[in-house]
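# Structural description and commentary
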Amino acid sequence: MNLFAHGTGHHEAAWRLPEADPRQTLDIDYYRHLARVAERGLMDSLFVSDAYFGRINKLEATTLLAALSAATERIGLIATVGTTYCEPYHLARQAATLDHISGGRAGWNIVTGSADASSLNFGKAEHPEHSRRYRIAEEFVDAVKRLWDGGIDPALSGGAQPVDGPSGLRPDSGIVGEAGFEGEYYSVKGPFNLPRPPQGYPVLVQAGSSESGRAMGARVAEVVFTAQQTFDAAREFYADLKSRLPAYGRLPEQLVIMPGLCPIVADTEAEARELEAELNEHVNMQDALKRLSSRFEADLSEYPLDGPVPLHKAKLPGEINALRSRQQLLLDMIEEESLTIRQFVRRFANGRGHFAFTGTAVRLADEMEKWFLRGAADGFNIMPQSFPGGLEAFVDKVIPELQNRKLFREAYEGTTLREHLGLAMPVPRYRALR
Amino acid sequence: MSAGGADRKLILTAALDGPDYARCVRQAQIAEQAGFHAVVAPESSDFRLGGNGEPEAALEPFSLLAALSAGTASIGLIAEVHAAYNEPYHIARKLGALDYMSRGRAGCHIAPGPAAAAGNFGRTGEGGPGPRLLEAEAAATEFAEALRLLWDSWEDDALVYDKRAGVQMDEGKVREIDYAGRYYAVKGPLNIARPPQGQPPVLFAVTGARGRSAAAKEADAAVAPLLSTAEAALMRADMRARMVRNGRRAEDLRLLAELCPVVAETNEEARELEHRLRQAFGAASERLIFAGTAAAVADRIEAWFRQEAIDGFHIAPLPRPDLLPAFAAKVVPELRRRGLFRAGGETSTLRSGLGLARPNNVFATLKRRGGSD
Ligand SMILES: Cc1cc2nc3c(=O)[nH]c(=O)nc-3n(C[C@H](O)[C@H](O)[C@H](O)COP(=O)(O)O)c2cc1C
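Residues numbered from 1 in each chain as written. Chains lettered and ligands numbered in written order. Predicted model: local features only at pLDDT ≥ 70, side-chain atom pairs only at ≥ 80, totals over all residues. Heavy atoms only, no water.

## Points about the overall build of chain A
This is how the line gets drawn: For helices the rule is a DSSP run of H or I covering at least 4 residues; for strands it is a run of E covering at least 2, with both sets numbered from the N terminus onward. Only protein chains enter the area calculation, which uses a 1.4 Å probe; residues under 20% of their type maximum are buried, those over 50% are exposed, and those in between are partly exposed. Residue contacts follow a heavy-atom distance rule, with two residues in contact if any of their heavy atoms lie within 4.5 Å. Residue burial considers only the protein chains on display, and all accessible areas are found by Shrake-Rupley using a 1.4 Å probe. All tallies of charge rest on Lys and Arg as positive and Asp and Glu as negative; His and the ends of each chain are not included. Taken as the charge centre is NZ of Lys, CZ of Arg, CG of Asp or CD of Glu, depending on the residue.
Assigned secondary structure in chain A consists of 14 helices and 11 strands. Of all 434 residues assigned to chain A, the portion counted as buried reaches 61%. Nonlocal contacts in chain A, meaning residues at least 24 apart in sequence, comprise 76% of its contacts between residues at least 6 apart. In the structure as shown, chain A presents an accessible area of about 16700 Å², 50% of it carried by carbon and sulfur atoms. The centroid of the 48 positive side-chain charges in chain A is displaced by 3 Å from the centroid of its 58 negative side-chain charges.

As structure tokens, this is what we get:
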């Protein structure tokens, strides 16, 4: 179970609730509270997203999680770092540092970045096209693993002895010189300059759902986040992704699949609906329409709010360079449910296309149990509608219900994120070779 | 606090070192308890062996300092940045985040970065190391300039969070900066609001003339390897002249001398230690070492400080783990008795601790003056 910490909540109007203080989203005490509540709920990890563009206001992911590592003891910390505008050597050091200071609780969410505008913040004329971004990402990950494998290995004693050779260092000296990654997009000479991370590699997380995204997930990811609207779609995704693993010599349990879940939970159905209605009241229609219009070749605000979504004006997933799989999901949802524009805006407002649930803890636990036992999920990426209230409700009402059903842990058993998730330590290549 | 005058107080900063987090935590706590203005986390962009044959590496500075921000309350947190291998957008965001999380204690030390690391960042082969390394000082100057503009891409009051109207920000107060330099280009705006300090302080290391010219343009503080008070006086005079030529006020730059303090019970013991250290450093790297009893070290610090060429000292990584604690426990109280050092425990931003004003937002200032928006 992962907590996705995000602004004042995953409902786009959460900041307008009377109890919300949006200025807190730059305050470490606010995140510290969320992390502690999640840790009280025995959640596996806390995740933050990131981006390199936009008129948005947020804390950079690796810095935020490093600060949280000092305020938490058990919970895993998953930071997003993109592979299109960063350097493998830097990422290898950032994630290894987080893993060291947190005692083995780090994870890295590998993203290619969806916005064309990012390139201009790095002096690049254009954002690479979708499938090329994934080729770049795979190289980036390969280079980073090479670096971690070549880290100073405390298990090998003997001190550092420079010797002749390409790296100048002897593999059995406690420092493994190998790295030397040479690719089409990245070349990294190495060797790495920090001790090998406590987890071997920080846990590798990925969230691509398009064809290229799934292919990369199957090859390199240990956790996959995904947005799914229905149980059936989630089951299809789950089966597809797991079926790709043998081709890479991997077992099903080496990849944990976590669909997003946006829970609005209260003691009664009526109360939960009221919470949802209050949030929907606060949606700024104009802004929401402006944002959604970019997915259409039309300005949605020129159409009647209570009329059908002009599906024929929608851009096809293949025509856009960002979040392709999400576009498909939205189009399917609009078509299957014959949504009006107002309904579409509201459906999107809570969780941007992730599975949203409003109701009691018992009913939600039923739903989660179904997904978990019937091949749609190994766990969930929890995206509360508002913080801290929505998270507290989930931890205090839903987690105990899942524990009663023996579906969730009663206490942390391990100390590292790998242990929480039941993921084995990677064996460094040089040890495998000896 | 002002740069001159009778109430002039020393500025002290210290380097963190090594890949061991627990050790860095101890160093930061010692420095904070002693009342230091800041700790500096070094960057390492490549693998290298130290004099003792052990790998010389540091944890990634921003992650390290973010973690330290949680366990400290008043000390400044300065991250070294290798400009040749970084992008202003990434660094401006990290400093912004660190500044918010530490409530105004973030800063950065911009260094060109070692040429030997080029291979770790794909800067080898045909293209060679590239202009960011070949023209390092000019690149560092641009880097700092881009950082300031990115921080200023949000006016201080851009976020309005008007719940009733459903409006989060005043879009007119968040701007693209369209920075297009010779070494860096960044369009902006940044995706974090202007940091609490406005612009977290920027330090440069100054050695040659080009380094001085860069610092005179962009630095809030400069760290220099100075060996004598005469050299310090020349450096200060030169820096003042350069700053005035750049249209800056001469007092808007703090000058710190790099120092290795060696404190022992007796002067003989200290000199013996100093001798061994100098041998270990080697003749090639001459350094400023003050060796002696606490009183003797304080005497030398006082003599340098009273001459008014420098504003304080930066304690570089020390070759022995006991030297920083000894300095903090013995020399700092002595400096305080002499009225040369602040009381300690002050909570302020790093900027105000250094006696520097919070800078105005350049874009807001332009707008007020009726300049183009
Ligand atoms: C839970 C979740 C979190 C994500 N976080 C980020 C993020 O922080 N930054 C980012 O650029 N993309 C993020 N994405 C987008 C994915 O990396 C991916 O681009 C997206 O799911 C579309 O898949 P595709 O690229 O294969 O079409 C996230 C996706 C999901 C489902």
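## Digging into the interface of chain B and chain A
To be explicit about the condition: Throughout this description, the term salt bridge denotes a Lys or Arg side-chain nitrogen within 4 Å of a carboxyl oxygen of Asp or Glu. Polar here means any residue other than Ala, Val, Leu, Ile, Met, Phe, Trp, Tyr, Cys and Pro, which are nonpolar, and Asp, Glu, Lys and Arg, which are charged; Gly is therefore polar.
Contacts between the two partners involve 65 residues from chain B, matched on the other side by 61 residues from chain A. Arg103 of chain B is paired through a salt bridge with Asp29 of chain A; the nearest N and O atoms lie 3.3 Å apart. Mapped by element, the contributors of at least two residues to the side of chain B that touches chain A are helix H2 (61-71), helix H3 (88-101), strand E5 (159-162), strand E6 (167-169) and strand E8 (185-186) of chain B. A class-by-class count of the residues in the side of chain B that touches chain A yields 35 nonpolar, 14 polar and 16 charged.

## So, the packing of helix H2 (residues 61-69) of chain A against H2 of chain B
Under the convention used in this document: Axis lines are fitted to C-alpha atoms, over the contacting stretch for helices. Their N-to-C directions set the angle, which ranges from 0 to 180 degrees. The labels follow the angle: roughly parallel below 35 degrees, roughly antiparallel above 145, roughly perpendicular from 65 to 115, and oblique for the rest. A clockwise turn of the near helix away from the far one marks a right-handed crossing, whereas an anticlockwise turn of less than a right angle marks a left-handed crossing.
One way to put it is that H2 of chain A packs onto H2 of chain B with a least axis distance of 7 Å and a crossing angle of 40°. What the angle tells us is that H2 of chain A and H2 of chain B run oblique. Here H2 of chain A runs over H2 of chain B; the crossing is right-handed. On the side of H2 of chain A, the interface is formed by Thr62, Thr63, Ala66, Ala67 and Ser69 of chain A, while H2 of chain B contributes Phe62, Ser63, Ala66, Ala67, Ser69 and Ala70 of chain B.

## Overview of the site of the ligand
All names here are of chain A. Cut-off, in case you're wondering: Near residues are defined by distance, with any heavy atom within 4 Å of the molecule or strand qualifying the residue. A 3.5 Å cut-off defines polar contacts: any pair of N or O atoms within that distance qualifies, except that in protein one atom must be a possible hydrogen donor and the other a possible acceptor, and neighbouring residues in sequence count only when both atoms are side-chain atoms.
Surrounding the ligand, one finds 24 residues, the nearest of these being Ser49, Asp50, Tyr134, Ala207 and Ser210. Here Thr80 contributes a side-chain N or O atom positioned 3.5 Å from an oxygen atom of the ligand. Within the contact set of the ligand, an oxygen atom lies 3.3 Å away from a side-chain nitrogen or oxygen of His130. Calculation on the ligand without its partners gives an accessible area of 610 Å², and the protein chains cover 92% of this total. Of all the secondary structure elements, the ones that give two or more residues to the shell around the ligand are strand E4 (106-111), helix H4 (130-149), strand E8 (223-226) and helix H9 (324-337).

## What to know about the side chain of Thr97 of chain A
With respect to the helices and strands, the residue Thr97 of chain A is situated in helix H3 (residues 88-101). On the basis of relative accessibility, which here comes to 0%, the residue Thr97 of chain A falls in the buried class. One polar contact links the side chain of Thr97 of chain A to the main-chain carbonyl oxygen of Arg93 of chain A, over a distance of 2.7 Å. Residues in contact with Thr97 of chain A, not counting those within four places in the same chain, are Leu194 of chain A together with Leu59, Glu60, Ser63 and Leu64 of chain B.

## Quick notes on the confidence of the model for chain A
This is how the line gets drawn: The pLDDT value tells you how sure the predictor is about a given residue, anywhere from 0 up to 100.
Taken as a whole, chain A shows an average pLDDT of 90; of its residues, 92% reach a score of 70 or greater. Taken together, the stretch residues 156-175 of chain A has pLDDT below 50 and engages in 42 contacts with residues farther than four places along the chain or on a different chain.

## Details of the confidence of the model for chain B
Predicted confidence across chain B gives a mean pLDDT of 92, with 95% of residues reaching 70 or more. Across the interface, the model reports ipTM at 0.95; the global pTM reads 0.95.

## Here we look at the packing of aromatic side chains
All names here are of chain A. The line we're drawing: A pair of aromatic rings is counted whenever rings of Phe, Tyr or Trp (Trp by its six-membered ring) have centres within 6.5 Å, and the orientation is called stacked for planes under 30 degrees apart, edge-to-face for over 60 and tilted otherwise. Any Lys NZ or Arg CZ that is within 6 Å of a ring centre and within 35 degrees of that ring's normal is treated as a charge sitting over the ring.
In the structure shown here, the tally under the stated rule is 24 aromatic pairs over all chains. On the numbers, 5.2 Å between centres and 80° between planes, the contact of Tyr30 with Tyr31 is edge-to-face. For the residue pair Tyr30 and Tyr31, the accessibility class agrees, reading buried in each case. Geometrically, the ring pair formed by Phe344 and Phe348 is tilted, given 6.4 Å between the ring centres and 45° between the ring planes. Of this pair, Phe344 and Phe348 both sit in helix H10 (residues 341-349), four residues apart, which is roughly one turn of that helix. Phe348 shares its class with Phe344; the two are buried. In textbook terms, an aromatic cluster arises when at least three aromatic residues are bridged by ring pairs, as seen for Trp108, Phe140, Trp148, Tyr186 and Tyr201. The side chain of Lys370 reaches across the aromatic face of Phe231, ending 4.6 Å from its centre.

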